[in-house]
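In case you want the letters, here they are:
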Amino acid sequence: MPDQGRQAILRSGAGAQVTVLGIAHQKSPPFQVPGDARDDPPEQGFELSRCRRRHAAESRSGGRQLIDPVALLQFLGNWKIPALTAPFVVTTLLFVLACARFGNLHSTGALPTAGLPKAAAVEGIVTASTIGEGLLTGLAQVFFQGNAITGVFFAAGLLMSSRAAGVAALLGSFAGLLVAWGLGAAEPAIRAGAFGFNPALTAIALGSGFFVLNIGSAAYGILAVIATAVVFAALSAALEPLGMPALTAPFVLVVWLFLLASPLFRRLQAGTGTW
């Protein structure tokens, strides 16, 4: 993964560019409200002054922060953490929930069936075929592709772009699979890569993007990957009554928490993917 592609967020002065996951955004200068409108043309002074007062009131009350998409990036930038896939997760979940009130929109069956979570039971026998298919399908599931062959192409693309990112993705998917297997997850879910795609993303972010690779960062990344698999199971159960998927929310939450905690660990050094 190129250095500029791994760059999560760069913050500077007003009017500068903000780079989020490799995409540059122009950062607007802070809004300033003049004390009056005496410098404006007479016929426009009253209207402009009223608009400015209203804009200032909205800014003070936080109104703009709720509707301005850039506000999320600025808020997270204050905490020095990247947005990751949070906009995708929030938008998708809200739109899928809204579909319950639109009769012309029908589910394809890919969404979970709404209902209270049932008691877990060990289902199926995990074999070498399960592990091999689950490893590759876990990568493919990042882009909603439940196919091991697709996972092969994704892994090859990652390895060509960055060997570190490719290896981290494969190890992350494998670790998530092992956690699920060890804790008794259903064999079909393991084979489908359900427990692989979030840990794979976490491994890429923490193992090859945000920290210099050393023993400390490797141990930190492994702990985050294990936590991601558990958080995926928890969120999946929590959202099941709504018939909603967890998507990449486990990856986002775990990476945020581990980035916020990282200043407490002196052996963790920021990598080239500055955040």
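Residues numbered from 1 in each chain as written. Predicted model: local features only at pLDDT ≥ 70, side-chain atom pairs only at ≥ 80, totals over all residues. Heavy atoms only, no water.

A. Fine view of helix H10 (residues 215-239). Helix length check: H10, at 25 residues, gives a terminal C-alpha distance of 36 Å against a target of 36 Å (1.5 Å per residue), a fit within 8%. All of the buried residues along H10 are Ser 217, Tyr 220, Gly 221, Ala 224, Val 225, Thr 228, Ala 229, Phe 232 and Leu 239. On its buried face, H10 sits against helix H7 (163-182), helix H9 (197-208) and helix H11 (249-261). Sitting at the amino-terminal end of H10 is Asn 214, which places a side-chain oxygen 3.0 Å from the backbone nitrogen of Gly 216. (Helix = DSSP H or I, 4+ residues; strand = E, 2+ residues; numbered from the N terminus. Expected span 1.5 Å × (residues − 1). Buried < 20%, exposed > 50% of the residue type's maximum accessible area, 1.4 Å probe, protein only. Contact = heavy atoms within 4.5 Å. Polar contact = N/O pair within 3.5 Å; in protein donor to acceptor, adjacent residues only side chain to side chain.)

B. A look at the nonpolar core. With 21 residues, the main nonpolar core has Leu 206, Phe 210 and Val 255 as its most contacted residues. Elements represented by at least two residues in this core include exactly helix H3 (69-78), H9, H10 and H11. Counting residues per element, this core draws most heavily on H11, which supplies seven residues. Discounting chain neighbours no more than four positions away, the residues touching Leu 206 are Phe 211, Gly 221, Ala 224, Val 255, Phe 258 and Leu 259. Counting eleven residues, the second largest nonpolar core, distinct from the first, contains Val 126, Ile 131, Leu 177 and Phe 197. (Core = buried A, V, L, I, M, F, W, Y, C linked by side-chain atoms within 4.5 Å.)

C. Summary view of the packing of helix H5 (residues 128-140) against H7. Two elements in contact, H5 and H7, have axes separated by 9 Å at closest approach and are oriented at 125 degrees. With respect to H7, the axis of H5 lies oblique. The handedness of the crossing between H5 and H7 is right-handed. Of H7, the residues touching H5 (which contributes Thr 130, Ile 131, Gly 134, Leu 135, Gly 138 and Leu 139) are Ala 169, Leu 170, Ser 173, Phe 174, Leu 177 and Trp 181. Split by residue class, the contact of H5 with H7 holds eight nonpolar, four polar and no charged. (Axes fitted to C-alpha atoms, helices over the stretch in contact; angles between N-to-C directions. Parallel < 35°, antiparallel > 145°, perpendicular 65-115°, else oblique. Left-handed = near helix turned anticlockwise from the far one by under 90°. Nonpolar A, V, L, I, M, F, W, Y, C, P; charged D, E, K, R; others polar.)

D. Spatial organisation of the pattern of salt bridges. One pass over the full model with this rule turns up two salt bridges. The salt bridge involving Glu 133 is made with Arg 191; its shortest N-O contact spans 2.8 Å. Pair noted here: Glu 133 is in helix H5 and Arg 191 is in helix H8 (residues 187-191), with a separation of 58 residues, a long-range link. In this structure, Glu 187 and Arg 191 form a salt bridge, with 3.0 Å as the shortest nitrogen-oxygen distance. With a gap of four residues between them, Glu 187 and Arg 191 both fall in helix H8, about one helical turn apart. Taking relative accessible area as the criterion, Glu 187 reaches 12% and is therefore assigned buried. (Salt bridge = Lys/Arg side-chain N within 4 Å of Asp/Glu carboxyl O.)

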